[in-house]
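# Observations on the three-dimensional arrangement
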Amino acid sequence: MDSDEMKSKAAQKAMDYVQNGMKLGLGTGSTAAKFVDLVGNAVAGGLDVLCVPTSVATRDQAAALSIPLTTLEQTPHLDVTVDGADELDEHLRLVKGGGGALLREKIVATSSDKMVVIADDSKLVTVLGQFPLPIEVVQFGLKSSLMAIEGMATRVGCVGEIKQRMQGDGTPYITDNGNFIIDALFGQIKKPEALSEALMQVPGVVENGLFLGIADVAIIAGQDGITTLEIDGA
Ligand code: 5RP
């Protein structure tokens, strides 16, 4: 089974958490897109759900599938959000934002009773940090924010290459919220809670891609089948 098939298997399993009448958060990325496709099929077959997308890309995909959409303004409380991750550990701590949608993803996930993460097993790590941590910053004062991020990260023992995300054409990557993304490759994030807290003290930082205490369930697909990790009580 290749990683694409594993993503499909995880997305399929996440459908077990979907019930008629639910309000759902729809994640962003290639794994979440498979779940959105499945929700689209189910809606075509009569499933009644109302969904909040976590990005413009997911909104466009869902709209093309005729999935009923709403916003957090109209529907501020959701039942379940299903989303992918760039990395996760056994405590269901995540790194997200590889697709640049971390801010909306975090807002939507924390507006939900339950966050279900779907991933292939390459995403499961013992220590977070091999994937560069995405940090969303306002455009104003970028260089100062970069320096401040480096300083705060160093204080909590995280050192590594910190750079602005660029697009293929050499222009800065801009999020759906009009902000920049900084990618910080620390190699190992031994104290994710301390790092997250430190980063959020930088005034230009809007949000960081560490999702701590947010995910309730992770559905991880591998060659040997599906493993489900759950936080107690989820
Ligand atoms: C987007 C995300 C994605 O969930 C993450 O990048 C995983 O994407 P993929 O499923 O394509 O590997 O956080 O901001």
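Structure's up top.
These lines cover the structure that appears in this document, whether it is placed above or below.

What counts and how
- Residues numbered from 1 in each chain as written.
- Predicted model: local features only at pLDDT ≥ 70, side-chain atom pairs only at ≥ 80, totals over all residues.
- Heavy atoms only, no water.
- Helix = DSSP H or I, 4+ residues; strand = E, 2+ residues; numbered from the N terminus.
- Rg over C-alpha atoms; globule rule 2.2 N^0.38 Å.
- Buried < 20%, exposed > 50% of the residue type's maximum accessible area, 1.4 Å probe, protein only.
- Axes fitted to C-alpha atoms, helices over the stretch in contact; angles between N-to-C directions.
- Parallel < 35°, antiparallel > 145°, perpendicular 65-115°, else oblique.
- Left-handed = near helix turned anticlockwise from the far one by under 90°.
- Contact = heavy atoms within 4.5 Å.

### Let's talk about the overall build of the protein chain
Summing up its helical and strand segments, the protein chain has 6 helices and 13 strands in all. What you see for the protein chain is a C-alpha radius of gyration of 17 Å, in line with the 17 Å of a compact globule of 234 residues. In terms of overall dimensions, the protein chain has a C-alpha envelope of 50 × 35 × 35 Å along the principal axes. Relative to its 234 residues, the protein chain shows a buried fraction of 51%.

### Re the packing of helix H1 (residues 3-14) against helix H2 (residues 30-44)
When two helices pack together, their arrangement is captured by the angle between the axes and the distance separating the axes. In the contact formed by H1 and H2, the axes pass within 8 Å of each other and the chain directions differ by 50 degrees. Judged by the inter-axis angle, H1 sits oblique to H2. By crossing handedness, the relation of H1 to H2 is classed as right-handed. Contact residues: H1 offers Asp-4, Lys-7, Ser-8, Ala-11, Gln-12 and Ala-14, while H2 offers Ser-30, Thr-31, Lys-34, Phe-35 and Leu-38.

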